[in-house]
Structure formats: structure tokens, C-alpha cells
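What follows is the residue order along each chain.
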Amino acid sequence: MAGESRQGAYRSRWFEFLAPIPKGWRLILGALVWVIFFGLWETAVLRGWVNTLLVPSPLEVVGTLYELFAERGFLGDVGISIARIVGSFLAACLIAIPLGILMGSFKTVEALFNPFVSAWRYLPAPAFIPILLMWFGTGEAPKLALLFLGVIFFLITLIMDHTSQVRAELIETAMTLGGKRWQILWTVVVPAVMPNIVTSMRQMLAIAWTYLVIAEIIASTTGIGAMMMRARRFLNTDEIMAGILIIGVLGLAFDLLFRWLQRTLFPYLSQEGD
């Protein structure tokens with residue numbers, strides 16, 4: 001009975017709601033799911049469950065990825081794609097952060113801009129490709145504009161919602177102490193909402209990466225998406241898979257960067273839930 005009781009207590013520690021787990025186990029479990037995924041993929045190829053022309057093995061994809069970097073200058077394409085993501089995302093943040101804070105702080109600003117922002121949120125960014133090509137031609141501008149449109153309106157809404165949830169007691173206390181409107185905004189509201197703004201940026205950067213391939217098929221000869229489109233013409237599925245893999249790795253790297261940034265800027269917040 002005592003042994004069963006200990007086993008039940010052990011299981012309950014692992015499956016309690018929102019209960020933290022040791023960092024070492026977090027890393028092990030995170031790696032385990034990838035081992036299972038690639039193991040099932042390799043098994044499916046070896047057993048002949050899939051057509052290898054359409055689904056190459058993981059080892060073949062890794063070999064192709066090495067060839068792309070070592071012999072075909074793929075690093076330049078990766079750098080171009082990163083520059084497009086970072087440039088368009090920073091442009092979106094420069095507008096979305098101040099506007100979202102103002103909309104969440106002042107109902108007048110929200111009433112003015114929210115109907116416009118809400119309407120644009122429901123318009124799919126790829127639908128703008130024809131008009132962007134007509135306006136900007138086939139250079140970098142339409143690609144950056146598409147990535148920009150895919151992020152900015154959702155980011156504004158997220159920041160507005162987080163700002164509107166800043167505790168009213170903090171603002172009322174600052175007003176009682178004689179704080180001016182813009183002083184309270186800068187010294188009370190902005191610091192209170194900034195951790196959530198970083199979280200929103202992290203979430204929307206992931207969305208920007210999902211639009212990358214779409215943006216880079218717009219008359220592009222450079223970038224990860226352009227490489228994948230060239231591979232599609234010749235049924236080089238291993239190159240397409242390699243492109244998908246590198247986008248996933250880059251996305252994970254940026255996600256970890258934002259996690260580190262949040263821990264560094266806001267060490268007083270618990271990161272167990274990340």
C-alpha cells in the first residue's frame with residue numbers, strides 16, 4: 001500500500017495543473033518529442049509507407065541542407081530572408097506599439113482607430129499581392145509590405161487589449177499623487193504593459209515567419225521561399241523540406257531570443273509558464 005501511495009504521489013506531481021517541472025526534465029521532454037517525430041518519419045520511409053519522391057528521409061534532407069550551405073550559397077538566401085523579416089517586423093512595431101498603447105489607454109483614441117484596425121484584421125494579407133505588385137513593382141517593397149500587413153493590425157489589437165487591462169488602482173494612485181496625463185502614461189502604464197508587449201511581439205513574429213514563403217514568391221530570385229519555389233519546379237522535395245526545416249529552426253531561434261530578452265528585461269516575472 002505504501003508503494004502504491006508513493007507511486008500515486010509521484011504521478012500527481014507530474015500531472016498537477018500548472019505545476020512547474022525541473023529545467024532538466026523540460027529540456028529532455030522537449031528533445032524527446034523531436035526524436036519521436038524524426039523516428040516516425042524515418043520509419044515511414046524505410047518501411048515504404050510513403051513515396052520517397054514526395055517524402056524524402058530526414059537524413060536525405062539533412063544532407064541536402066548541408067549541400068545548400070556548403071556548395072550553393074544558401075547562407076545568402078537565409079540572410080536575405082532574415083533581413084526581410086526583421087525589417088518589416090520592426091516597421092510594424094514602430095507603429096503598432098505606440099498606437100496600441102494609446103488605444104488601450106484612451107477610449108477616444110480607441111473609438112477613432114479600432115473600427116479601422118478591426119476591419120483590416122479580417123482581410124487576408126496574401127489577397128493584397130496583386131495590388132502590391134501594381135503599386136511597388138517586383139522589388140523588395142511588395143515583399144516587405146506583405147510581411148508588414150500580415151502583422152501590424154493583429155499586433156495593434158494585442159497591445160491595445162493588454163494595455164486596457166493595466167490595473168486601474170495604479171493609474172488612480174498616480175493621479176492622486178498629482179501625476180500628469182502623459183507622465184502617468186510613460187511612468188505607470190508603459191512599464192506595467194511592457195512585459196505583455198514583448199510577449200505579443202514574440203507571438204506575432206511567429207506569424208511573420210509563416211508569411212515568408214508567400215512573400216518570397218512575388219517575383220523573387222532570392223530568399224528561402226524563392227529557393228523552395230525553384231525546387232518545386234523540378235520536384236526536388238528534399239530541398240523544399242530543407243527550406244521548411246531551416247525556417248522552423250530560425251523561428252525557434254528568434255523565439256528563444258525573445259524569451260531571453262523577456263527574462264533579461266523583466267527578471268521579476270516568473271518564466272515557468274513559457
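Here the structure is a predicted model, which is why all the values come from computation and not from measurement.

Bringing the overall build of the protein chain into the picture now. In terms of helices and strands, the protein chain carries 12 helices and 0 strands. In terms of overall dimensions, the protein chain is more spread out than a globule: its C-alpha atoms have a radius of gyration of 24 Å, far above the 19 Å expected for 274 residues. If one aligns the C-alpha atoms of the protein chain with their principal axes, the spans along those axes are about 75 × 70 × 30 Å. Out of the 274 residues in the protein chain, the part that is buried amounts to 35%. A separation threshold of at least 6 residues defines the contact pool for the protein chain, and within that pool the share at least 24 residues apart is 69%. Averaged over its 20 positive side-chain charges, the protein chain has a centre that lies 5 Å from the centre of its 18 negative ones.

Looking at the element boundaries, G79 is found in helix α4 (residues 74–105). Considered as a pair, G79 and G248 are 169 residues apart in the sequence and their alpha carbons are 15 Å apart.

Taken as a class, soluble globular proteins show a tendency for nonpolar side chains to be buried jointly. F74, F89, L155, M201, L205, W209 and I224 are the most contacted members of the largest nonpolar core, which totals 58 residues. In this structure, L155 is in contact with C93, A96, S200, M201 and M204, ignoring residues within four places of it in sequence.

Turning next to the confidence of the model for the protein chain. Chain-level statistics for the protein chain give a pLDDT mean of 87 and a share of 93% at 70 or above. By mean pLDDT, the top-scoring element of the protein chain is α4 (95), and the lowest-scoring one is helix α1 (residues 2–14) (56).

Between helix α2 (residues 23–46) and helix α3 (residues 58–71), the least distance of the axes is 8 Å, while the angle of their chain directions is 105°. Between α2 and α3, the crossing angle belongs to the class labelled roughly perpendicular. Of α3, the residues touching α2 (which contributes F38, W41 and E42) are P58, L59 and V61. Across the contact of α2 with α3, the residue classes tally to 5 nonpolar, no polar and 1 charged.

Here helix α12 (residues 237–265) spans 42 Å end to end across 29 residues, near enough to the 42 Å set by a 1.5 Å rise per residue. For α12, the complete set of buried residues consists of T237, D238, E239, A242, G243, I246, I247, L250, F254, F258 and Q262. If you follow the buried residues of α12, they end up packed against α3, α4, α9 (181–210), α10 (212–215) and α11 (224–233).

In the structure shown here, the tally under the stated rule is 13 aromatic pairs. A ring pair is formed by F37 and F38, whose centres lie 5.2 Å apart and whose planes are at 75°; its orientation type is edge-to-face. With 5.5 Å between their ring centres and 10° between their planes, W120 and F128 make a pair best called stacked. Here F128 falls in the buried class, since its relative accessible area comes to 17%. Among the aromatic residues, ring-to-ring pairing joins W34, F37, F38 and W41 into one connected group.

Now for the pattern of salt bridges. Enumeration over the complete set of coordinates arrives at 8 salt bridges. The partner of R72 in a salt bridge is E239, with the nearest N and O atoms 2.8 Å apart. A residue pair is termed long-range when its members are at least 10 positions apart, and R72 in the loop between α3 and α4 and E239 in helix α12 qualify at 167 residues. What makes R72 partly exposed here is its relative accessible area of 42%. The residue R84 makes a salt bridge to E216 at a minimum N-O spacing of 2.9 Å. On the criterion of sequence distance, the pair formed by R84 in helix α4 and E216 in the loop between α10 and α11 is long-range, its members being 132 residues apart. Each member of the pair R84 and E216 is classed as buried. By sharing partners, the salt bridges in this structure join E67, R72 and E239 into a single network.

Procedures and definitions
Counting of residues starts from 1 at the beginning of each chain's written sequence and follows it residue by residue. In view of the model being predicted, local features appear only for residues whose pLDDT reaches at least 70, and side-chain atom pairs are presented and counted only at 80 or more, with totals across whole chains, interfaces and linings using the full set of residues. To obtain the side-chain values, all non-hydrogen atoms of the structure were used and water was disregarded. For the purposes of this entry, the term helix denotes a DSSP run of H or I that reaches at least four residues, the term strand denotes a run of E that reaches at least two, and both are numbered from the N terminus. Only C-alpha atoms enter the radius of gyration; for comparison, a globular chain is expected to reach 2.2 Å times N to the power 0.38, where N is the number of residues. The buried label goes to any residue with under 20% of its type's maximum accessible area, the exposed label to any with over 50%, and the partly exposed label to all in between, with areas taken from a 1.4 Å probe on protein chains only. By definition in these notes, contact holds between two residues if any of their heavy atoms fall within 4.5 Å. Charge assignment in this entry is limited to Lys and Arg as positive and Asp and Glu as negative, and neither His nor the chain termini are counted. To locate a charge, take NZ of a lysine, CZ of an arginine, CG of an aspartate or CD of a glutamate. The set of buried Ala, Val, Leu, Ile, Met, Phe, Trp, Tyr and Cys residues whose side-chain atoms join them within 4.5 Å is what this entry labels a nonpolar core. As a per-residue measure, pLDDT tells how confident the predictor is, with possible values from 0 to 100. Each axis is a line fitted through C-alpha atoms, and for a helix only the stretch in contact is used; angles between axes span 0 to 180 degrees, taken between their N-to-C directions. Roughly parallel means an angle under 35 degrees; roughly antiparallel, over 145; roughly perpendicular, 65 to 115; everything else is oblique. Each residue is assigned to one of three groups, with Ala, Val, Leu, Ile, Met, Phe, Trp, Tyr, Cys and Pro labelled nonpolar, Asp, Glu, Lys and Arg labelled charged, and all others, Gly among them, labelled polar. Residue count minus one, scaled by 1.5 Å, sets the expected span of a helix. Stacked, tilted and edge-to-face are the three classes assigned to paired rings of Phe, Tyr and Trp, where Trp is represented by its six-membered ring and a pair needs centres within 6.5 Å; plane angles under 30 degrees give stacked, over 60 edge-to-face, the rest tilted. Any Lys or Arg side-chain nitrogen found within 4 Å of a carboxyl oxygen on Asp or Glu counts as a salt bridge.

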